[in-house]
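The chain contents come next:
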Amino acid sequence: MEKEITLSEFADELKVRLQKGKTVDCCKAELLRLADILKEKLPNEKILVNWKEN
């Protein structure tokens with residue numbers, strides 16, 4: 001089902017899915033779009049990351 005939601009709603013849903021150990025494979029395209037938005041709107045914002053190699 002496709003629907004338009006705010007970035008805040010999207011972030012809330014992602015947090016719930018990740019906290020419950022669910023996969024986020026369902027929204028790969030949306031995550032890529034979110035990355036584009038972050039790069040455009042918040043290019044200098046910092047975040048501490050712990051990248052894990054597969």
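Anything mentioned here points back to the structure above.
Read on for an overview of the structure. Just so it is clear, the model here is predicted, and its values are computed rather than measured.

1. Quick word on the layout of surface pockets
- In this structure, the largest pocket encloses a volume near 550 Å³.
- Forming the boundary of the largest pocket are 16 residues, of which Lys3, Ile5, Phe10, Cys27 and Glu30 lie nearest the centre.
- Every element with two or more residues in the lining of the largest pocket is listed here: helix H1 (7–19) and helix H2 (28–41).
- Around the second largest pocket sit Leu34, Leu38, Lys39, Leu42, Pro43, Glu45, Lys46, Ile47, Val49 and Trp51, which together line it.

2. Side note on H1
- Taking 1.5 Å of rise per residue, 13 residues should cover 18 Å, and H1 covers 18 Å from first to last C-alpha, within 8% of that figure.
- Along H1, the residues that are buried comprise Phe10, Leu14 and Arg17. The buried residues of H1 all sit within an arc of 65° when viewed along its axis, so they share a single face. Among the exposed residues of H1, those pointing more than 90 degrees away from its buried face are Lys15 and Gln19.
- Where H1 is buried, its residues touch H2.
- One or two residues past the end of H1 sits Gly21, with phi positive at roughly 75°.

3. Thoughts on the environment of Leu48
- Of note, Leu48 is situated in the segment after H2.
- Among the residues examined, Leu48 registers a relative accessible area of 82% and is labelled exposed.
- For the pair Leu48 and Glu2, spaced 46 residues apart in the sequence, the C-alpha separation amounts to 32 Å.

Thresholds, definitions, all that
Residues numbered from 1 in each chain as written. Predicted model: local features only at pLDDT ≥ 70, side-chain atom pairs only at ≥ 80, totals over all residues. Heavy atoms only, no water. 1 Å grid on protein atoms, 1.4 Å probe; cavity = no way out; pocket = protein on both sides within 12 Å on 5 of 7 lines; lining within 4 Å. Points joined across faces, edges and corners; volume = space filled by probe spheres on them. Helix = DSSP H or I, 4+ residues; strand = E, 2+ residues; numbered from the N terminus. Expected span 1.5 Å × (residues − 1). Buried < 20%, exposed > 50% of the residue type's maximum accessible area, 1.4 Å probe, protein only. Arc of directions from axis to C-beta. Contact = heavy atoms within 4.5 Å.

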